[in-house]
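# Secondary and tertiary structure notes
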Amino acid sequence: MRQIRALRVAAVAAGLALMATGCGATGKNSTGSESSGAAAGPITGLQIMVPNTPGGGYDTTARAAAKVLDDEKIANNTEVFNLAGAGGTVGLARVVNEKGNGDLTMLMGLGVVGASYTNKSQSKLTDTTPLAKLIEEPGAIMVSKDSPYKTIDDLVKAWKADPASISVGGGSSPGGPDHLLPMQLAGAVGIDATKVNFVSYDGGGDLLPAILGNKLGFAASGAGEYLEQIKSGEVRVLATSGEKRLDGVDAPTLKESNIDLVFTNWRGVVAPPGISDADKKSLIAALEKMHESAGWKEALKTHSWTDAFVTGDEFQKFLTDQDKRVADVLTKLGLA
């Protein structure tokens, strides 16, 4: 009987040990010991999925974040991978279907909100676990160095004369920032938005060759993705859409050019639905440490990003509001 009782006690102890062993970001720290939601050591096994092609804004932001997380010893060997398709909704579906996976995150933004409607996705960002909004950045109206348009006034004059003849490229699906910016710009200068000839590319990495090859009338996207080409003179910025001029970019704002429009894009991080409270706390704590670091401040400066850090419930409220706003705009355009 003593032997049976001993076996039972051992079995119960083993069961309790299994229950105490977490999965996801809070399961093990780099020393192999259990960690709490605030993570006693660097978290391991963290993945950041980018829902479009390499070289675009999501990709650049994800890789900058991963580098800072690892450099600052907040995480170890953070993996960044791309899962492109349907304006980001292939990646969104993956995140939503990975319910409870505390190791997986997705770098996303306004473009995925819009794509979830225009692509009739069954998955929505409101189905995910919001972690943090990281940055905002204004859009830029850009052309090739060989473009006949030297100023925003040159472009607007030609565009108003024949809207359909000037193709507008963007690195997001309809409903994303690179689509919403030219649609709102059209309205601001008196062009019927339904007449805009918009060409969608799956991320800034795909859009860049079209700009450089002068295959578009103009492009609308975040300037931060093209700083190297802007500085080399291969890409000309006609105007930016923020309240203030962008540091390092020699171009006026739309408002300076007598166009009454201010427009900003944003990017953030979400996790699958149903992750544990401990995993959620650990991931948010990691992002808070990243945000406070000198490495992240340098990344903001390097890429001309505006710090827009909010977490948890505040980010969830923001996502819900953005979802409704984008749905309303797309409905008016007949795209949702």
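Above this note sits the structure.
Just so it is clear, the model here is predicted, and its values are computed rather than measured.

## Regarding the packing of helix α2 (residues 57-71) against helix α10 (residues 294-303)
α10 packs onto α2 with a crossing angle of 155° between their chain directions and a minimal axis gap of 9 Å. When the interaxial angle is binned, α2 and α10 end up roughly antiparallel. Classified by chirality, the crossing of α10 by α2 is right-handed. Residues Thr 60, Thr 61, Ala 64, Ala 65 and Val 68 of α2 pack against Gly 295, Trp 296, Ala 299 and His 303 of α10. Of the residues in the contact of α2 with α10, the class split is five nonpolar, four polar and no charged.

## Focus on the pairing of strand β7 (residues 167-170)
Neither face of β7 is open: one carries Ser 167 and Gly 169, the other Val 168 and Gly 170, and all of them are buried. Inspection of the sheet shows β7 paired to strand β8 (residues 197-200) by four bridges, in the parallel sense. Bridging across to β8, Ser 167 finds its partner in Asn 197. Since β7 and β8 lie parallel, the crossover through helix α6 (residues 177-188) that links them has a hand, and here it is right-handed. Direction of pairing for β7 relative to strand β9 (residues 218-222): parallel, over a ladder of three bridges. Within the sheet, the bridge partner assigned to Gly 170 lies in β9 and is Ala 220.

## As for the packing of aromatic side chains
Applying the stated criterion to the full structure yields five aromatic pairs. With centroids separated by 6.0 Å and ring planes inclined at 35°, the aromatic side chains of Trp 296 and Trp 305 adopt a geometry described as tilted. Across the pair, Trp 305 and Trp 296 agree in class, each one buried. An aromatic cluster is built from Trp 266, Phe 315 and Phe 318, whose rings are joined through pairwise contacts.

## Topic: the pattern of salt bridges
One pass over the full model with this rule turns up nine salt bridges. Across the salt bridge formed by Asp 59 and Arg 63, the nearest N and O atoms sit 3.0 Å from each other. A residue pair is termed a helical-turn pair when its members lie 3 or 4 positions apart in one helix, as Asp 59 and Arg 63 do in helix α2 at four residues. With relative accessibility at 6%, the residue Asp 59 sits in the buried group. Looking at Arg 63, the relative accessible area reads 38%, which means it is partly exposed. A salt bridge links Glu 98 to Arg 94, with the shortest nitrogen-to-oxygen separation between them at 2.8 Å.

## Here's the deal with α10
Helical geometry: 3.6 residues make up each α-helical turn, so side chains three or four residues apart lie on a common side. Residues Trp 296, Ala 299, Leu 300 and His 303 constitute the buried set of α10. Along the axis of α10, the buried positions cluster into a sector of 100°, meaning they face one direction only. Turned more than 90 degrees away from the buried face of α10 sit Ala 294 and Lys 301, all of them exposed. In this structure, the buried residues of α10 make contact with α2, β6 (129-144), α8 (227-232), α9 (277-292) and β12 (306-311). Ser 304 sits one or two residues past α10 and shows a positive phi near 60°.

## Things to note about the nonpolar core
Within the largest apolar cluster, 81 residues are counted, with the highest numbers of intra-cluster contacts made by Trp 159 and Trp 296. By residue number, the principal contributor to this core is α2, which donates seven residues. Every residue in contact with Trp 159, bar those within four places of it in the chain, is listed here: Ile 166, Val 168, Pro 182, Leu 185, Ala 186, Val 189, Ile 191, Val 196 and Phe 218. By size, the runner-up hydrophobic cluster in this structure holds 17 residues, among which are Leu 208, Ala 210, Leu 227 and Val 235.

Procedures and definitions
- Counting restarts for each chain: residues are numbered from 1 in the order of the written sequence.
- This being a predicted model, a pLDDT of at least 70 is required before a residue's local features are given, and a value of 80 or more before pairs of side-chain atoms are given or counted; all residues contribute to the totals for chains, interfaces and linings.
- Hydrogen atoms and water are omitted, and side-chain values are computed over all heavy atoms in the structure.
- Geometry is summarised by axes, namely lines fitted to C-alpha atoms with helices restricted to the contacting stretch, and by angles between N-to-C directions that run from 0 to 180 degrees.
- Elements are defined by DSSP. Helices are runs of H or I of four residues or more, strands are runs of E of two residues or more, and each kind is numbered from the N terminus.
- Orientation is classified from the angle alone, with under 35 degrees giving roughly parallel, over 145 giving roughly antiparallel, 65 to 115 giving roughly perpendicular, and any other angle giving oblique.
- Rotating anticlockwise by less than a right angle from the far helix to the near helix defines a left-handed crossing, while the corresponding clockwise rotation defines a right-handed one.
- In what follows, a contact means two residues having at least one pair of non-hydrogen atoms within 4.5 Å.
- The classification used treats Ala, Val, Leu, Ile, Met, Phe, Trp, Tyr, Cys and Pro as nonpolar, Asp, Glu, Lys and Arg as charged, and all other residues, Gly among them, as polar.
- For each residue, the accessible area found with a 1.4 Å probe, counting protein chains only, is set against the maximum for its type, and the residue is called buried under 20%, exposed over 50%, and partly exposed in between.
- A pair of strands is labelled paired if DSSP reports no fewer than 2 bridges between them.
- Here the term right-handed applies to a crossover when the path leading from its first strand over the helix to its second strand runs clockwise, the strands being oriented away from the viewer.
- For Phe, Tyr and Trp, rings pair up if their centres lie within 6.5 Å, where Trp contributes its six-membered ring, and each pair is then called stacked (planes under 30 degrees apart), edge-to-face (over 60) or tilted (otherwise).
- Just to be clear on terms, a salt bridge is a Lys or Arg side-chain nitrogen sitting within 4 Å of an Asp or Glu carboxyl oxygen.
- Here the arc refers to the directions that run from the helix axis out to each C-beta atom.
- Residues enter a nonpolar core if they are buried and are Ala, Val, Leu, Ile, Met, Phe, Trp, Tyr or Cys, with the set joined through side-chain atoms within 4.5 Å.

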